[in-house]
Amino acid sequence: MPTTSFDTLPNDARIWVYAADRALTDAEVDRTENELQAFTTDWTSHGTALRAAVSVFDRRFVVIALDTIESSASGCSIDKSLRAVQQLEQGLQVSLTNRLFVWVVGPNGWEKWSVGNAKKAWENKQWPAETYLVDTTASTKGAWLDSRRVLPENSWLAKVR
């Protein structure tokens, strides 16, 4: 399938968000976009080409988006995308699949917190003022674009209490 731009996919496109454990360099962002765009261009589900794209946000978040109007990903094709991300992890020496940390951004800039510390700060009402959680649980492009930086009370943390 021809290359698709992230911007041209509909807001209801299904997404997978991978958070890097550190900020990527400009060269790593370019490599990430090039390698995963090459993957998405050839991505198929049971022989059917998938219309998909990739984008990197804030030098930390790799988002693969899939237009599900024409066809959807199967378990096998989702596994293929994960393997492509894991190969990229090895090549860049960066973790993209570790779900044990979260990114927050506030007056002190970007900070990586363990999930445990984020839960503890929220439960103990010690969340720093004007500090936003990056919600990597978004499942559609529109949800990601509208609310990727959220206050904890509007995120999955609100369900922890």
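Above this text sits the structure in question.
Summary of the structure given here.

Focus on the packing of aromatic side chains
(1) Moving on: On inspection of all chains with the given rule, the structure shows nine aromatic pairs.
(2) Moving on: Consider the rings of F61 and W110, whose centres lie 5.9 Å apart with planes at 50 degrees: the pair is tilted. Taken as a pair, F61 in strand β5 (residues 61–66) and W110 in strand β7 (residues 109–114) lie far apart in primary sequence, 49 residues in all.
(3) Moving on: A relative accessible area of 0% places F61 in the buried class.
(4) Moving on: Judged by relative accessible area, W110 falls into the partly exposed class, the value being 24%.
(5) Moving on: Of the aromatic side chains, those joined through ring pairs into one cluster are F6, F57, F61, F101, W103, W110 and W144.
(6) Moving on: In this structure, K112 is placed above the aromatic ring of F101, and the distance from its NZ or CZ to the ring centre is 5.1 Å.
(7) Moving on: Seen from the ring of F6, K141 lies directly overhead, with NZ or CZ sitting 5.3 Å from the centre.

Here's the deal with the side chain of S45
(1) Moving on: The residue S45 is located in strand β2 (residues 44–45) in this model.
(2) Moving on: Take S45: its relative accessible area is 7%, and that puts it in the buried class.
(3) Moving on: If sequence neighbours within four positions are ignored, S45 has contacts with L50, S72, A73, S74 and S77.

Considerations on the environment of A158
(1) Moving on: If you trace the backbone, A158 turns up in the segment after β9 (149–150).
(2) Moving on: Given a relative accessible area of 34%, A158 falls into the partly exposed group.
(3) Moving on: A sequence separation of 35 residues divides A158 from E123, and the C-alpha atoms of the two residues are 9.0 Å apart.
(4) Moving on: In contact with A158, other than residues within four places in its own chain, are W122, P152 and E153.

Quick word on the environment of K141
(1) Moving on: You can see K141 is positioned in helix α4 (residues 141–147).
(2) Moving on: Sequence separation between K141 and V17 is 124 residues; the distance between their C-alpha atoms is 9.9 Å.
(3) Moving on: Contacts of K141, omitting those with residues within four sequence positions, involve F6, D7, T8, L9, P10, N11, A13 and I15.
(4) Moving on: At 3.2 Å, the side chain of K141 forms a polar contact with the backbone oxygen of D7.

Topic: the nonpolar core
(1) Moving on: The biggest cluster of nonpolar side chains holds 21 residues, and the ones touching the most others in it are Y18, L36, W43, V62, I64 and L96.
(2) Moving on: Among the elements of the structure, β1 (14–19), α1 (26–42), β4 (52–57), β5 and α2 (75–92) are those that each provide at least two residues to this core.
(3) Moving on: No other element matches α2, which puts four residues into this core.
(4) Moving on: Residues in contact with Y18, not counting those within four places in the same chain, are R60, F61, V62, I64, L82, V85, L96, T97 and R99.

Rules behind the numbers
Residues numbered from 1 in each chain as written. Predicted model: local features only at pLDDT ≥ 70, side-chain atom pairs only at ≥ 80, totals over all residues. Heavy atoms only, no water. Phe/Tyr/Trp six-rings, centres within 6.5 Å; stacked < 30°, edge-to-face > 60°. Helix = DSSP H or I, 4+ residues; strand = E, 2+ residues; numbered from the N terminus. Buried < 20%, exposed > 50% of the residue type's maximum accessible area, 1.4 Å probe, protein only. Lys NZ or Arg CZ within 6 Å of the ring centre and 35° of its normal. Contact = heavy atoms within 4.5 Å. Polar contact = N/O pair within 3.5 Å; in protein donor to acceptor, adjacent residues only side chain to side chain. Core = buried A, V, L, I, M, F, W, Y, C linked by side-chain atoms within 4.5 Å.

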